[in-house]
Amino acid sequence: MNDYFKKSLNRQLVSFMAIIMLVITIIGSTFVYYVSVIQSNYIAEREVLVYKQDLAFQIDNSANQMFIHLRGYFAFQSVSEYASLMTQVESVNETIDEFNQLTLEADESQFIGSVEELISQVEGYIPQAVELINNNNVGEIREMGVSDGGALVNELTSLTASNLEQTNDKLATLSSDYTVANSTILWLIFGLIIVFIATLFLILRRIFTKIGNPLQDLTLASEQLAAGKEVHLIETDRNDEVGILSRTFNGMVLTLQEKEEELVAQNEELISQQEELEDQQVKLRSAFEETQMIRLVLEKYNRFNHTISVTLNKQELLDQIIDHMGALYPVERMGFVLLQGRKQSATRGISDKVIEELSENFQDGLGVLLKEKKSCHQVKRKSSKYEQGIAEEPVDVFDLYVPVYSSTKGLMAVFCCTRVGSDFSVEEQVELEGVMGHISIAIERVMLYEQTENDRELNQDMIDNVNEGIQFIDRDGALLRSNKLFRDMFQFNLSLDTQCNSYDTWKKECLKNVEKTEELASFFDHVLSSSTDDVLTTRYKLSDGKTMIEVYAEPVYKDDIRKGTIIVHRDITKEYEVDQMKSELVSTVSHELRTPLSSILGFTELMIDRELKPARQEKYLRTIYKETNRLTNLINDFLDLQRMESNVQSYNKTSFNVKELVIEVISKYEPMHKDHQFIIRDLANQTFVWADPNRIEQVLVNLVSNAVKFSPNGGHVEVVMVNKGTDLHIHVNDEGLGIPDTEINKLFTKFHRIDNSDRRKIGGTGLGLPIVKEIMEAHGGSVSVKSELGAGSTFILSLPYDSQDSLLPISSISDDQGDRFRVAILEDDQSLALLLAEELKQSGFEVHHYLNPAVALERIRVQQIDAVVVDLMLGEGMDGWDFIKALKQVDETQHVPVFISSALNEVREKAKEFGVSKYLTKPYPPQELSQVIKKTLSSDKKIGQIVMPEE
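Computed from a predicted structure; not experimentally measured.

A word on the overall build of the protein chain
Consideration 1: When you go through the protein chain residue by residue, the secondary structure sums to 26 helices and 22 strands.
Consideration 2: For the protein chain, the proportion of its 951 residues judged to be buried stands at 38%.
Consideration 3: Considering only contacts within the protein chain whose residues lie at least 6 apart along the sequence, 64% involve residues at least 24 apart.
Consideration 4: Carbon and sulfur atoms form 53% of the exposed surface of the protein chain, whose accessible area is close to 55100 Å².

Some thoughts on the packing of aromatic side chains
Consideration 1: Counted by the stated rule, this structure contains 9 aromatic pairs.
Consideration 2: Both rings, one in Trp 506 and one in Phe 524, keep their centres 5.1 Å apart while their planes meet at 75 degrees; by these two values the pair is edge-to-face. Taken together, the residues span a long stretch of sequence, with Trp 506 in helix α13 (residues 503-511) and Phe 524 in helix α14 (residues 517-529) at a distance of 18 residues. Across the pair, exposure class does not vary: Trp 506 and Phe 524 are buried alike.
Consideration 3: Through successive ring pairs, a cluster of aromatic residues spans Tyr 503, Trp 506, Phe 523 and Phe 524.

A few points about the sheet that holds strand β7 (residues 479-482)
Consideration 1: With antiparallel pairing, 5 strands are arranged side by side in an open sheet as β7-β6-β10-β9-β8. Each of the sheet's edge strands pairs with one partner strand only, and the pair in question is β7 and β8 (536-541). Strand-to-strand, the axes of this sheet are offset by a mean angle of 25 degrees, without reference to chain direction.
Consideration 2: Sheet analysis places strand β6 (residues 469-474) next to strand β10 (residues 561-571), joined by 6 bridges and oriented antiparallel. In the strand pairing of β10, Asp 474 is matched with Gly 564.

So, the pairing of strand β4 (residues 396-405)
Regular strands have side chains that alternate between both faces of the sheet.
Consideration 1: Among the 10 residues that make up β4, 8 are buried, leaving the element largely enclosed by the rest of the structure.
Consideration 2: The sheet contact formed by strand β3 (residues 377-382) and β4 spans 6 bridges and is antiparallel. Paired with Val 379 across the bridge in β4 is Asp 399.
Consideration 3: In this structure, β4 lies alongside strand β5 (residues 411-420), joined through 9 bridges in antiparallel fashion. Looking across to β5, one finds that Phe 398 is bridged to Arg 419.
Consideration 4: Taking the residues that link successive antiparallel strands as the turn, the β4-β5 hairpin has 5 residues, and the phi of Lys 409 there is positive, at about 70 degrees.

Comments concerning the packing of α13 against α14
Consideration 1: Contact geometry of α13 with α14 gives a least axis separation of 10 Å together with a crossing angle of 155 degrees. With respect to α14, the axis of α13 lies roughly antiparallel. At the point where α13 passes α14, the crossing takes the right-handed sense. Each of Tyr 503, Trp 506, Lys 507, Cys 510 and Leu 511 in α13 lies in contact with α14, whose residues at this interface are Thr 517, Leu 520, Ala 521, Phe 524, Asp 525 and Leu 528.
Consideration 2: When the residues that make up the contact of α13 with α14 are grouped by side-chain class, the tally is 8 nonpolar, 1 polar and 2 charged.

Describing the state of the cysteines
Consideration 1: According to the stated counting rule, one finds 0 disulfides in the structure shown.
Consideration 2: Summary of cysteine pairing: Cys 416 is not part of a disulfide, and the nearest cysteine sulfur, belonging to Cys 417, is at 7.3 Å.
Consideration 3: Since its relative accessible area comes to 3%, Cys 417 is described here as buried.

Side note on the sheet that holds strand β2 (residues 345-348)
Consideration 1: Spatially, the 5 strands line up as an open sheet ordered β2-β1-β5-β4-β3, and their pairing is antiparallel. Two strands close off the open sheet at either side, each with one partner strand: β2 and β3. Ignoring which end each strand starts from, the neighbouring axes of this sheet average 10 degrees apart.
Consideration 2: Sitting on the sheet, helix α8 (residues 314-328) touches β1 (333-338), β2 and β5, and the angle it makes with β2 is about 30 degrees.
Consideration 3: In the packing of helix α10 (residues 366-373) onto the sheet, contacts are made with β3, β4 and β5, and the angle to β4 comes to roughly 65 degrees.

Quick look at α13
Consideration 1: When we look at burial in α13, the residues that qualify are Tyr 503, Trp 506, Lys 507, Cys 510 and Leu 511. On an axial view of α13, the arc spanned by its buried residues comes to 135 degrees, and they lie on one face. What points out from α13, more than 90 degrees from its buried face, is the exposed set Asp 504 and Lys 508.
Consideration 2: Turning to α13, the residues buried within the fold contact β6, β7, α12 (484-490) and α14.

Here's the deal with the side chain of Lys 507
Consideration 1: Within the element layout of this structure, Lys 507 appears in helix α13.
Consideration 2: By relative accessible area, which is 14% here, Lys 507 ends up buried.

Considerations on the pattern of salt bridges
Consideration 1: Here the structure, examined in full by the defined rule, presents 16 salt bridges.
Consideration 2: Of the charged contacts, one joins Lys 380 and Asp 396 as a salt bridge, the two residues approaching to 3.7 Å between their closest N and O atoms. Of this pair, Lys 380 sits in strand β3 while Asp 396 is found in strand β4, placing the two residues 16 residues apart along the sequence.
Consideration 3: Accessibility expressed as a relative area gives 54% for Lys 380, which makes it exposed.

Let's talk about unusual backbone geometry
Consideration 1: The phi dihedral of Lys 374 falls on the positive side, at around 60 degrees, and the residue is not glycine.
Consideration 2: Using a relative accessible area of 53% as the deciding quantity, one classes Lys 374 as exposed.
Consideration 3: One non-glycine residue, Lys 409, lies in the positive phi region at around 70 degrees.
Consideration 4: Among the secondary structure elements, Lys 409 is positioned in the loop between β4 and β5.
Consideration 5: Relative accessible area serves as the criterion here: at 65%, Lys 409 is assigned to the exposed category.

Section: helix α3 (residues 79-100)
Consideration 1: Between its first and last C-alpha, α3 extends 32 Å over 22 residues, near the 32 Å set by a 1.5 Å rise per residue.
Consideration 2: Buried within α3 are the following residues: Leu 85, Gln 88, Val 89, Val 92, Thr 95, Ile 96 and Phe 99. Seen along its axis, α3 keeps its buried residues to an arc of 130 degrees; they face one direction.

What about a nonpolar patch on the surface?
Consideration 1: A surface patch of nonpolar side chains, amounting to about 350 Å² of accessible area, comprises Leu 186, Ile 189, Ile 193 and Ile 197.
Consideration 2: With respect to the helices, strands and loops of the structure, Ile 189 is situated in helix α5 (residues 138-227).
Consideration 3: Given a relative accessible area of 32%, Ile 189 falls into the partly exposed group.

Points about the side chain of Arg 562
Consideration 1: Relative to the elements of secondary structure, Arg 562 occurs in strand β10.
Consideration 2: A polar side-chain atom of Arg 562 sits 3.2 Å from the main-chain carbonyl oxygen of Ser 530.
Consideration 3: In terms of polar contacts, Arg 562 uses its side chain to reach the side chain of Thr 565, at 3.0 Å.

Quick look at the pairing of strand β13 (residues 688-691)
Consideration 1: Along β13, the buried face is formed by Val 689 and Ala 691; none of Phe 688 and Trp 690, which line the opposite face, is buried.
Consideration 2: In the sheet, strand β11 (residues 654-657) pairs with β13 via 4 bridges, with the strands oriented antiparallel. The residue bridging Ser 655 from the neighbouring strand is Trp 690, located in β13.

Focus on the confidence of the model for the protein chain
Note: predicted coordinates in regions of low pLDDT should not be interpreted at a detailed level.
Consideration 1: Per-residue confidence for the protein chain averages 77 on the pLDDT scale, and 80% of its residues sit at or above 70.
Consideration 2: Per-element confidence in the protein chain is highest for strand β15 (residues 727-733), whose mean pLDDT is 91, and lowest for helix α20 (residues 757-760), whose mean pLDDT is 50.
Consideration 3: Predicted confidence is poor over residues 804-817, with pLDDT under 50, and the contacts of this stretch with residues over four places away or in other chains come to 27 contacts.

Examining a negative patch on the surface
Consideration 1: Taken together, the side chains of Glu 90, Glu 94, Asp 97, Glu 98 and Glu 116 present a region of like negative charge at the surface.
Consideration 2: Examining the composition of the negative patch, we find that 4 residues originate from one element, α3, more than from any other.
Consideration 3: Turning to its location among the elements, Glu 116 is positioned in helix α4 (residues 106-134).

Some points on the environment of Met 607
Consideration 1: Tracing the backbone shows Met 607 in helix α15 (residues 573-609).
Consideration 2: Residue classification places Met 607 among the partly exposed residues on the basis of a relative accessible area of 25%.
Consideration 3: Distance in space between the C-alpha atoms of Met 607 and Tyr 620 is 8.0 Å, their sequence separation being 13 residues.
Consideration 4: Once residues lying within four places of it in the same chain are set aside, the contact partners of Met 607 are Leu 612, Gln 617, Tyr 620, Leu 621 and Ile 624.

Analysis parameters
- Residues numbered from 1 in each chain as written.
- Predicted model: local features only at pLDDT ≥ 70, side-chain atom pairs only at ≥ 80, totals over all residues.
- Heavy atoms only, no water.
- Helix = DSSP H or I, 4+ residues; strand = E, 2+ residues; numbered from the N terminus.
- Buried < 20%, exposed > 50% of the residue type's maximum accessible area, 1.4 Å probe, protein only.
- Contact = heavy atoms within 4.5 Å.
- Areas by Shrake-Rupley, 256 points an atom, 1.4 Å probe, with all protein chains shown as cover.
- Phe/Tyr/Trp six-rings, centres within 6.5 Å; stacked < 30°, edge-to-face > 60°.
- Pairing = 2+ DSSP bridges.
- Axes fitted to C-alpha atoms, helices over the stretch in contact; angles between N-to-C directions.
- Parallel < 35°, antiparallel > 145°, perpendicular 65-115°, else oblique.
- Left-handed = near helix turned anticlockwise from the far one by under 90°.
- Nonpolar A, V, L, I, M, F, W, Y, C, P; charged D, E, K, R; others polar.
- Disulfide = S-S within 2.5 Å.
- Arc of directions from axis to C-beta.
- Salt bridge = Lys/Arg side-chain N within 4 Å of Asp/Glu carboxyl O.
- Expected span 1.5 Å × (residues − 1).
- Patch = residues over 30% accessible without salt bridge, like charges linked within 9 Å, V, L, I, M, F, W, Y side chains within 5 Å.
- Polar contact = N/O pair within 3.5 Å; in protein donor to acceptor, adjacent residues only side chain to side chain.
- pLDDT = per-residue confidence, 0-100.
- Lys, Arg positive; Asp, Glu negative; His and termini not counted.
- Charge placed at Lys NZ, Arg CZ, Asp CG, Glu CD.

Okay, structure coming up:
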């Protein structure tokens, strides 16, 4: 066993270390166990003391609560206080029992015994207290609570405080003992470490001595051997590694000494070989440097080729050529000029003016020479003062021009460069010609790309300007191309991203803007799945409800292989509307022409075939006349519209008063339509216009006729005139059926009629409003409409007035302006009514003109009229006196002043009956009437008086 360890230093070291680690482990485990035991004992004892301390606190707290509830019971004799008292007594007893179960020392046993005794005294007082309370002995109860209760509380508090103080002392003593024990352990550990370090030092010192001395001898022998000195061999009988190393070293020394002469000879040979290798190394280094330079040049060429291969912008390509050529060839100045198309260039060190002159004069100068030589042209010259720099004398400068030919051998560009002091060798010129060959390919590629892009943009512009939406899809349905009208039609803009242009994506986007999506979706699916070569077509309407689109799809083939399908969306809204209009025209004409013709033919046959009485004949003839007029008006409407659309309609324009025309039109309609109340409101101080009276009458007749016709239940038809800006506005209001919002934009379309049951039975050709629009626009005016369904409509005419016929400044007056007096005129003489209205308007009054007394009565009440001018002779029916009488019988109007204007002489009976003090007989100055009205309305005595202005 001893020889086993002696043969290996490693085994000796490991064994020493193992023994040391074993000793350390044993001592360390002992210390750990000892520390653990001390710590466990300390924790256990401390927990017991803390627990006893908690129990003492609980006893003290419960006892105090018990005494509090006992005193509460003494003070208030409350049952709840008694219950709480008994609960606390039970709690104290339980805590005392729990304390007694612990291991107690003498002082602790004495403490708990004293507490039990005090609690027992309290429990003894409780029955006595209950009995005294039940007997209502208040004095004894108070005495017991004051004397006995206070002493018990103080004694218990003293016991508890004493116990807590003793417990705290024990905890402090325990902590102090634990700290002393820990300090002792730490000193023991420190001593153990010192002993261990000393032992380890002694062991290592012996090991190093045993190993170090032999190694030192070997080191000295090695140094002697390396220095070529005589080596003193070391003899040893050790069996470990040091002995083996010593013996091996001795053998090596002997071997080296034997072969020293051989090594010297070989060394001389190696020296000669080394010199030869150094010569080769110099050559290799030179070759390597040359290779590195070639590699760098090749890398520059590769970068150059890559750049000109990926660049697609012509000017960018030229700039890249100059940048890379400057890195490849050391020259002072260089430029590259394109000679085809728009002459572009890139330069370095050459001014724009020089390049521009070269480009302009190249074809007549150097261009001819280069075309003849078909190779580079070098020019030698003396340097200018700018080129020679700091040289005192001019130096030689060499300019080189390298032609760049296209694939068709045409001269497309020229590369020029300048070198100062040395020329361009033949090899450089050949190399440059080769480089220019590569550049010509790149330039042609860029030019071809630009041409392709221009063609593509031109094609896209062409299809974008086609008045049809175009899309091209492949066999899988992916959208490859589309034009602007298609994208605008469906309000989306898909990029060329494959995911965005997939069939499901663009189909979904299209269907968002279509009314009936099922038909168009089915059409797209059929187009994609169909293998037929027939043209597929369908129609659909966009979601705006107006635009009708016809779509057709046709397959596209190339080399008998189907590449995809072109789908064309054509807006046929106008054609569709024309078709609808034709159908409407045929339907309207067939109905509107046949109806009067049937009546004419029928009554004519009756008059031919039968003997009729004169009265019956007259009735039939009047019917035939009426239907003939109806037929004539219908034909005239057709002819008028035709002339207007052909711009051959003539207008005889003159200056006239529109109000006269309005009164004339209303006077024609009022007698025939008793269910309607016609009202004229004149809010304008200028009603003269420059227009064709017959055509304006046609417009008014059409609008009033519609107001009557589309008010089947009667109601008010009101014509309001007002100046706004440079125009006279005429409002035609009714209280009829009204117009749906969806139909307002179609009202002025030829043959258009609102399609519902209320209007279908009314009839009409649908030409009246288009004619109105044409007439108004021909006069520089306009027509518009406002309507509320079920509440009536308002048509607004706008005509430029004739400012030369105005005697007053023209002012714009709102129809809801309420700061003027409102005067109603009831006069059947139109001329006099117009005269009175003009005078009253000039005096600042708002004038309302009525022809029908019954209508006037209702509107005066509703419109809050301030005064009424009445003619006593009103024709048939109610006269002026009847009107005044009816006016005074209504509460709302009995206080309205009435001003009588009449051609009759003074009637004293009527004047006496109505209390008339003044009377005016026609003719009289109109200004006299306005003065009397203004004077009456401006006073505070408006009591409904009837005034007859003095003659």
